[in-house]
Amino acid sequence: MKYNVTALILVIVVLFSGCRKQASSHPAWYITSLPAEPVTLNPVTSSEAYGSAVYGHVFNSLITVDKTLTVIPDLAERWEISPDHLVYTFHLRKDVTWHDGKPFTAHDVVFTYQKIMDPLSKAMNKRADFLDVVKAEALGDHTFRATYKRAFVPALLSWGISIIPRHIFQNVDFLSNPYNRAPIGTGVYRFVEWKTGQQLTLAKVTNHFRDNPAIERIIFKVIKDDAVRLAAYKRGDIDFNSMNAEQWERAKKDASITRRSHMLEYTVLSFSYIGWNMDGSNPFFTDKRVRQAMSHALPVDAVIKSILHGHARAISGPFHPDVWAYNKAVRAYPFDMKISAALLSSAGWSDSDKDGVLDRSVNGKKIDFRFEILYGESSTEGEATLILLKENLAKIGVTLDLHKIEWSAYTKKIHSKQFTACLLGWSLSIDPDPTQLFHSREIAEGLNYYSYRNAEVDRLCDEGIREFDQAKRAAIYRRVHAVLNDECPYTFLWARNALVAIDDRFTGIELSPAGLDFYPGMLAWKIKK
């Protein structure tokens, strides 16, 4: 499954009083922020959360999910699934048009599938869901059928992909098409503009086939710094602010924020981790003992208490702890520098020249244990965590260099595997299938950026996507969890809660087990008059 990653013109503003002005002179405009600029707004090629935060309002899917995470219709009015789970037939709405007025048809669905499967499209976070599709066909303009060579448990959910317009993307270079920055969709909001480095703007579609939200315009301001973003919220320049834990603790005591805000803490399906590149390009992380040593060197519980102020839960594997696939019997690595040092020693690392840095001989050449971790420029909590790891590793002779990097450059390095280690997080799908992250076939063009290979994990992932009995499937994934905990391709960190303030002129805000991301979600919000 896909992983990934805003009355009257103004109320009274009194200088220095701490009162918030409204984020816009238009009360029906919703102004939010992004901590990094999207790489693209093409939903086929995008694999990061910042792009999907924008294009998710522009495009529709065949299906979506409601507040209870139940699959419900979107572009498809209804569907049938054959008894053997091999044929999925979707009957499409006949009243849908693209934002340029062209009719939406089943041919657009077929085209979207074809572009996902085209290696040149680089749809690395989507292709794995469709490897078993042997035929995707339009049966006329308003019926789409997908036939699978074998049953695939998440098949229905996989058609929650955004559908793109064939007439816009056919017969042109897919990756350089200007519509990747100015998308045309079928969604409730249409694209207006993208001012690079500043903001992206969407506007409500009139006479949309399904929805008529109160919010008329959504503006995404690019604000990379946490402190600048919070200051913008306090001034009233933005209507939504996702805070780090330190900011949240202060904000809860700040009446200038709380009296004008919905203060929401909620679970999101995501987790954070440090990934170790095992492709052989570095002399460190192909050895499991070295990866385990790194995991023992970070006091995750202390970080959660001191840096995250308790707004996260330590994890020991690749699933969210509230999900049925999570193996509660597997414990996270305890912080123990003696174990860390012993593991490195057993892997052949010692301070042979007594210079305070561990080293070993690789192909007859002495290599110091010095490596770099990449992390995002807006990750203040991540930076504090890595500084602590750096200090701990220095005590046992390992030199860690920290490299803060801009988001688009970061994603290029990760996709091309030009890194030794990195701090990242995954936004998770409703279905816990971990194939895209850890199956060896996902190394070349998928999301297995770290070149992890394990035959048992491959076999278990293959079994898991065929098993419709959830109890049996849970047993499969709990074994995957246990193996990955031992193998340590990631140092699994935590599942962090969202800490959010929203201007209280917006009402009707509801949460689901996936947070704010469900239908109708913000399409049902109202605005105080």
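Anything mentioned here points back to the structure above.
What this report covers is the structure whose coordinates are included nearby. (Residues numbered from 1 in each chain as written. Predicted model: local features only at pLDDT ≥ 70, side-chain atom pairs only at ≥ 80, totals over all residues. Heavy atoms only, no water.)

**Some thoughts on the sheet that holds strand S5 (residues 87-92)**
- The four strands are arranged S4-S5-S7-S6 in an open sheet whose pairing can be described as antiparallel. Both outer strands of the open sheet, strand S4 (76-81) and strand S6 (133-138), are each paired with one neighbouring strand and no more. Geometrically, the sheet is characterised by an average inter-axis angle of 15° between neighbouring strands, direction not taken into account.
- As paired strands, S4 and S5 are joined by five bridges and run antiparallel to one another. When the bridges of S5 are listed, Trp79 appears paired with Phe90.
- With respect to the sheet, helix H2 (residues 106-117) is in contact with S5, S6 and strand S7 (143-148), its orientation differing from that of S6 by roughly 150°. (Pairing = 2+ DSSP bridges. Helix = DSSP H or I, 4+ residues; strand = E, 2+ residues; numbered from the N terminus. Axes fitted to C-alpha atoms, helices over the stretch in contact; angles between N-to-C directions. Contact = heavy atoms within 4.5 Å.)

**Let's talk about helix H5 (residues 226-235)**
- Residues Asp226, Arg229, Leu230, Ala232 and Tyr233 constitute the buried set of H5. For H5, the angular spread of the buried residues around the axis is 155°, confining them to a single face.
- Structurally, the start of H5 carries an N-cap: the backbone nitrogen of Ala227 is 2.9 Å from a side-chain oxygen of Asp225.
- Looking one or two residues beyond H5, the residue adopting positive phi is Gly236, at roughly 90°. (Buried < 20%, exposed > 50% of the residue type's maximum accessible area, 1.4 Å probe, protein only. Arc of directions from axis to C-beta. Polar contact = N/O pair within 3.5 Å; in protein donor to acceptor, adjacent residues only side chain to side chain.)

**Structural notes on the pairing of strand S9 (residues 199-204)**
- Taking burial as the measure, the six residues of S9 include five buried ones, the bulk of the element.
- The pairing of strand S8 (residues 189-195) with S9 spans six bridges and is classified as antiparallel. In the strand pairing of S9, Tyr189 is matched with Lys204.
- Hairpin connection from S8 to S9: three residues lie between these consecutive antiparallel strands, with Gly197 at a positive phi of about 80°.
- In terms of strand pairing, S9 meets strand S10 (residues 217-222) through five bridges, oriented antiparallel. Following the sheet pairing, Ala203 is matched in S10 by Arg217.

**Thoughts on the pattern of salt bridges**
- Counting across every chain of the model gives 34 salt bridges.
- With a closest N to O distance of 3.4 Å, Glu246 and Arg250 form a salt bridge. Taken together, the residues Glu246 and Arg250, both in helix H6 (residues 245-251) and four residues apart, mark about one turn of the helix.
- Glu246 gets classed as partly exposed once you look at its relative accessible area, which sits at 37%.
- Residue classification places Arg250 among the partly exposed positions, given a relative accessible area of 47%.
- Sharing partners across several salt bridges, the network here consists of Asp239, Arg260, Asp503, Asp504, Arg505 and Lys528. (Salt bridge = Lys/Arg side-chain N within 4 Å of Asp/Glu carboxyl O.)

**Points about the sheet that holds strand S12 (residues 261-266)**
- Spatially, the three strands line up as an open sheet ordered S11-S21-S12, and their pairing is antiparallel. Two strands bound the open sheet, and with one partner strand each, they are strand S11 (240-242) and S12. Going from strand to strand, the sheet's axes swing by 15° on average, the running direction of each strand aside.
- Across three bridges, S11 lies against strand S21 (residues 498-503) in antiparallel orientation. Within S21, the position partnered with Ser242 by the bridge is Val500.

**Points about helix H10 (residues 337-346)**
- Listing the buried residues of H10 in full gives Met337, Ser340, Leu343 and Leu344. Projected down its long axis, H10 shows its buried positions confined to an angular sector of 120°, all on one face.
- Buried residues in H10 make contact with helix H8 (288-296) and helix H11 (380-394).
- Two or three places before Lys338, at the start of H10, stands the capping residue Asp336, its side-chain oxygen 3.0 Å from that residue's backbone nitrogen.

**What to know about the state of the cysteines**
- Considering all chains together, one arrives at zero disulfides under this definition.
- No disulfide involves Cys422; its sulfur sits 14 Å from the nearest other cysteine sulfur, which is in Cys488.
- Cys461 carries a free sulfur, and the closest cysteine sulfur to it, the one in Cys488, is 17 Å from it. (Disulfide = S-S within 2.5 Å.)

**Section: the packing of H8 against H10**
- Look at H8 against H10: their axes get within 8 Å of each other, and the N-to-C directions meet at 165°. By the angle between their directions, the pair H8 and H10 is classed as roughly antiparallel. Classified by chirality, the crossing of H10 by H8 is left-handed. In this structure, H8 contributes Arg289, Val290, Gln292, Ala293, Met294 and His296 to the contact, and H10 contributes Met337, Ile339, Ser340, Leu343, Leu344 and Ser346.
- Residue composition of the contact of H8 with H10, grouped by class: seven nonpolar, four polar and one charged. (Parallel < 35°, antiparallel > 145°, perpendicular 65-115°, else oblique. Left-handed = near helix turned anticlockwise from the far one by under 90°. Nonpolar A, V, L, I, M, F, W, Y, C, P; charged D, E, K, R; others polar.)

**Section: the nonpolar core**
- Ranked by size, the top nonpolar core spans 108 residues in total, and within it Leu62, Phe90, Phe144 and Trp159 carry the most contacts.
- Here this core takes six residues from H2, the largest share from any one element.
- The contacts of Trp159, once residues within four sequence positions are left out, are Ser61, Leu62, Ile63, Phe90, Val109, Tyr113, Phe130, Phe144, Ala146 and Tyr148.
- Core analysis: the second largest hydrophobic core is formed by 35 residues, Val303, Ile307, Ala347 and Leu400 among them. (Core = buried A, V, L, I, M, F, W, Y, C linked by side-chain atoms within 4.5 Å.)

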